[in-house]
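Residues per chain, in single letters:
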Amino acid sequence: MNTLRTAMLLAVMTALFMGVGYLIGGSGGMMIAFLIAAATNLFSYWNADKMVLAMHRAVEVDERNAPEYYAIVRELASRAGLPMPRVYLIDNAQPNAFATGRNPQNAAVAATTGLLQRLSPEEVAGVMAHELAHVQNRDTLTMTIVATLAGAISMLGNFALFFGGNRENNNPLGFIGVLVAMIVAPFAAMMVQMAVSRTREYAADRRGAEICGRPMWLASALDKIARSAERIHNPDAERNPATAHLFIINPLSGERMDNLFSTHPDTGNRIAALQAMDAEWGTSGGGGARQPAPRNAPRPTPPSAEQDAGPWGGRTQAGSQAEPQAEPPTEPQPKSNPWGRNPTGPKGPWS
């Protein structure tokens with residue numbers, strides 16, 4: 001199903017590319033656009049993840065220079081039954097994260113320094129479990145390729161402003177065709193991009209909660225990230241808006257509503273769904289974290305008396321009282337930069 005969905009989306013994006021080319025230069029422009037789209041598709045399959053990481057100036061880290069962050073990802077990948085992804089850090093004050101890669105064997109996860117500074121280890125685990133869910137669901141190939149092609153279509157639409165108004169070209173619709181290429185095609189590409197993100201975020205939230213075993217870790221993280229994203233500017237994301245749907249929360253300014261023009265579902269709706277999962281599992285009442293459910297499990301079951309307590313705990317013995325989760329502060333203050341001047345320095349965020 002994921003392969004079919006990816007193929008259909010690639011076909012739609014290619015058709016949009018060809019349509020813009022036709023509006024700019026007629027049949028000749030359409031053929032050139034087709035060749036560009038084919039080359040872009042091939043290049044995106046193998047290199048889109050590297051392009052996205054470079055756009056956001058992500059730096060690869062390991063257990064030597066980011067031990068706690070790396071250990072969280074390693075533990076969660078093990079719980080999900082996934083190969084260890086490459087781990088990246090982005091020197092950005094806005095708390096956020098994304099995953100990329102064409103398959104689980106070539107996946108990468110990236111988090112901002114703001115995420116590690118402003119969230120607790122449990123909340124970071126909830127976020128990274130969500131990103132690993134995208135990897136496990138094989139969403140990352142589709143989302144990354146769509147980001148690349150949507151950006152290319154937008155740029156092609158901008159080219160129409162310079163090349164589409166010449167009366168000597170083969171543009172069949174004249175200036176109207178230029179306007180369509182400049183406005184409608186990038187908008188259509190954006191709509192496809194939004195549809196990909198909105199239909200997958202709820203599924204990744206659910207699977208992420210299953211991986212880390214605590215729905216409220218992710219719910220709390222989503223609340224903090226959404227409130228911080230409203231106040232903290234992300235210049236790299238603003239320069240590359242076609243990548244916004246990759247992030248766990250929309251990094252662009254001005255996102256508030258769960259409507260057709262949103263790249264992500266409403267955060268309140270996502271939190272409510274996670275709260276319903278938590279109530280169903282009973283994980284907030286002092287019990288241990290729930291074991292990651294098998295893929296395609298019919299329904300989750302409440303945690304037993306003896307289960308894993310998550311990546312940082314041991315096992316909760318029957319009859320023992322686990323330590324209750326502390327309520328996060330209403331407006332948490334960021335810690336001092338744990339990385340010093342170098343965002344991949346030797347100290348970890350909670351050392």
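The name that an unreviewed UniProt entry assigns to the protein chain is Protease HtpX homolog, with the source organism given as Aquamicrobium terrae. A UniProt comment under Subcellular location (unreviewed entry) is attached to the protein chain, and it reads "Cell membrane".

(A) Representation of the environment of Asn65 in the model. For Asn65, the location among the structural elements is in the loop between strand S1 (59-61) and helix H2 (67-80). A relative accessible area of 18% places Asn65 in the buried class. Side-chain polar atoms of Asn65 contact the backbone nitrogen of Asp62, separated by 2.9 Å.

(B) Looking closely at the packing of aromatic side chains. Here the structure, examined in full by the defined rule, presents one aromatic pair. Each ring, one from Phe98 and one from Phe247, has its centre 5.0 Å from the other, and the planes form 70 degrees; the classification is edge-to-face. Residue Phe98 is found in strand S3 (residues 97-100), and its partner Phe247 is found in the loop between helix H8 (235-239) and helix H9 (267-281); the two are separated by 149 residues along the sequence. Each member of the pair, Phe98 together with Phe247, is buried.

(C) Main features of the UniProt feature "active site" (unreviewed entry) in the protein chain. The positions that UniProt labels "active site" (unreviewed entry) are, in the present scheme, Glu131. Following the sequence through the fold, Glu131 ends up in helix H4 (residues 121-136). On the accessibility criterion, Glu131 (1% relative accessible area) is buried. Those residues in contact with Glu131 that lie beyond four places of it in its chain are Ala97, Phe98, Ala99, Val109, Leu246 and Ile248.

Thresholds, definitions, all that
- Residues numbered from 1 in each chain as written.
- Predicted model: local features only at pLDDT ≥ 70, side-chain atom pairs only at ≥ 80, totals over all residues.
- Heavy atoms only, no water.
- UniProt positions renumbered as here; feature names shortened; annotations may be inferred.
- Helix = DSSP H or I, 4+ residues; strand = E, 2+ residues; numbered from the N terminus.
- Buried < 20%, exposed > 50% of the residue type's maximum accessible area, 1.4 Å probe, protein only.
- Polar contact = N/O pair within 3.5 Å; in protein donor to acceptor, adjacent residues only side chain to side chain.
- Phe/Tyr/Trp six-rings, centres within 6.5 Å; stacked < 30°, edge-to-face > 60°.
- Contact = heavy atoms within 4.5 Å.

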